[in-house]
Every structure is written in structure tokens, then in C-alpha cells.
Amino acid sequence: MTIGMFSRATGLSARTLRSYNRLGLLVPAQVDPDSRYRLYAPEQVSRGLAIRHLRELEVPLREIGPMLEADPNAFREALLTHQRRLALRSTELKHALTRLQRLIEGKENPMSGITVDPIDAATHRRLAVELFNRSWRLLELEDRMTEQDDELVHCAHASRHHWGEVGTPAHCARGENQCARVYAMLGRPEPALHHATRCLELVRAGGDGFADWDLASALEVVARAHLAGGNTSEAAHYAELSRRELETMADPDDREVIESQLAELAV
């Protein structure tokens, strides 16, 4: 198929097809050595249609290639990630439209500063939970892309921020715990130890919401942070303190979770 025929079959302009060729996203099946005409195989039409469909949904070009090569589960996960990205943008646009309407109606003066409506407590809690759960799902991925590593860090910190607005001391400690766990997984010992130490400080300070597993978990993540920095002696010390705390835990399921995390450290 010539580029013109392929363009009509897929709805992609010739200029777009040339761009996708340069990016390696949709490479012609053959290029005539004399005329340099690009020729496409009929079986490439389905890929062209899929690319057009994903672009209409505003999926970034850099993500489309890996998505089309992924297995169904990874493809669905990529779609969910993009859906959350669009949902966040939608929320931001709605907020901007609301502020714009207030300006139009004369309820705000841009010269004297715009008062931003505060986020209500329920929204803080919802975002804290959703972002925390999202960070766990990303942590459990075996092969994360660089963008997913970035998202992992942002999710953990954003969750901790929202808990800082409306959560108990226990929520804040668990947020610090998650930040430390994320940085340790990414091989960044300095921020891992900072957040792990802060988590332990908050747990030892006490307050509302703490469970009998929080101290064992805090000690485990301090050990994990030290191990990320290559300090095996300190890692072993805190891992042993965590194991001692396991004896005080009533729920066998909670104990099993932390035991499995300690087993990962192998110190």
C-alpha cells in the first residue's frame, strides 16, 4: 500500500505517518530504494488504527509503542494510569473554570490576589488513600519504567501531604514509612533513611490511631533504609529490634506481613 492508500485506510495523514516512521512507532514495511516511496503492508492497518485511537484519547506518543507490545494485563494497567492522569487534568480544568467564572462575575479581583478555595477534609482523605494504594501497586510491579518510578515517588509524597492535612499521627507515620520504603526500593538511601527515621520518631512519640504493628514496621523500614545505603550492621540491628516487636502483635496476619518484609532483607 502506498502512503496515500495507507493514510486513507487509517485516517492518519501522510505527514503524521512520516513522523511516526521517524519515531519508530509505525515503520513502513518497505521503502523503494530508487523513489524512496514508503510502502505499507495491509496487516499494518490495525496498528495504525490502534495508534490513531490512542492518540485521540491523548495517550502520549512515547507510551503508545510499549503499550501495543505489552500483554493484556500491562496494557490495561497503562490505560488505567492514563485514565488517572486525565481525571487529574479534568479536576484541574474544572477548578480553573470555576475560578474563571468568579473573575467573569466580578467575585474575584486578579489584581488583589485570588483566594483559592481550600480542599475539604473528605477530599484530603480520599486522595491520601488512593495515592497510598497506588504507590503500593507501583511498588509491586516487577519491571517499572522510569516514568513509573517518578510516579511512585510523587504518589507516596502526595499521600503523605494529604494525611498531614487531616490524618492522625499514625497516618502521618505510615506516610513517612511509605516514602522511606519507596526510596529504599529505588536505591536512594539518603531520603530513605530520612523518612524512615522520621517515621520511627512519630511512632515513638505516640498519639491517635497507632496499632501494635506500627513500631515493628517502623523498625523494619529503618533497617531497609540502612541496607539500601550498604550499612548492614545497622540494618541487622534494627531488623532484630523489629523481630522482637513481633512478639507483642496480636494479629497473626499483621505479624506475617512484617515477617515477610524482614525476610526480604536477609540480615
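The preceding data block contains the structure.
Now for a description of the structure that goes with this document. Note that this is a predicted model, so its numbers are computed, not measured.

Let us now look at the pattern of salt bridges. Overall, the coordinates contain 19 salt bridges when judged by the stated rule. Between R134 and E151 there is a salt bridge whose closest N-O contact spans 3.0 Å. With a gap of 17 residues between them, R134 in helix α6 (residues 121-139) and E151 in helix α7 (residues 146-166) connect regions that are remote in the sequence. For the pair shown, R134 and E151 are each scored as buried. The shortest N-O distance in the salt bridge between R244 and E240 comes to 3.6 Å. Of the two residues, R244 and E240 both sit in helix α11 (residues 232-246), four residues apart, roughly one turn of that helix.

Right, let's talk about the side chain of E176 for a bit. With respect to the helices and strands, E176 occurs in helix α8 (residues 169-185). Overall, the relative accessible area of 8% leaves E176 in the buried class. Among the polar contacts made by the side chain of E176, one reaches the side chain of R160 at a distance of 3.0 Å. One polar contact links E176 to H195, side chain to side chain, over a distance of 2.7 Å.

Judged by side-chain polarity, L97, L100 and I104 come together as a nonpolar surface patch covering roughly 320 Å² of accessible area. Relative to the assigned elements, L100 resides in helix α5 (residues 72-104). L100 gets classed as partly exposed once you look at its relative accessible area, which sits at 44%.

What follows deals with the environment of G230. Residue placement: G230 occurs in the loop between α10 (214-228) and α11. Relative accessible area serves as the criterion here: at 54%, G230 is assigned to the exposed category. Residues G230 and P189 lie 41 residues apart in sequence; the distance between their C-alpha atoms is 8.5 Å.

This part covers α5. Here α5 spans 47 Å end to end across 33 residues, near enough to the 48 Å set by a 1.5 Å rise per residue. Measuring from the backbone nitrogen of N73 back to the side-chain oxygen at the start of α5 gives 3.0 Å, which picks out D71 as the cap. Positioned one or two residues after α5, G106 has a phi angle of 75°, which is positive.

Rules used in this analysis
Once a new chain begins, its residue numbering starts again from 1 and follows that chain's sequence as written. Two thresholds apply to this predicted model, a pLDDT of at least 70 for residue-level local features and 80 or more for giving and counting side-chain atom pairs, whereas whole-chain, interface and lining totals are computed over all residues. Note that water and hydrogens are dropped before the side-chain values are worked out from all heavy atoms of the structure. The working definition used for a salt bridge is a side-chain nitrogen of Lys or Arg within 4 Å of a carboxyl oxygen of Asp or Glu. Helix and strand definitions here come from DSSP, where helices need a minimum of 4 consecutive H or I residues and strands a minimum of 2 consecutive E residues; each element is numbered from the N-terminal end. Summary of the burial criterion: residues with accessible area below 20% of their type's maximum are buried, those above 50% are exposed, and those between are partly exposed, where the area comes from a 1.4 Å probe applied to protein chains only. Side-chain atoms alone can form a polar contact between residues adjacent in sequence; in general such a contact is a pair of N or O atoms within 3.5 Å, and within protein one must be able to donate a hydrogen while the other accepts it. Patch criteria: residues need more than 30% relative accessible area and no salt bridge. Like-charged residues are merged within 9 Å; nonpolar side chains of Val, Leu, Ile, Met, Phe, Trp and Tyr are merged within 5 Å. Computed with a 1.4 Å probe, the accessible areas rest on the Shrake-Rupley method; for each residue, only the protein chains presented here act as cover. A helix is expected to span 1.5 Å for every residue after the first.

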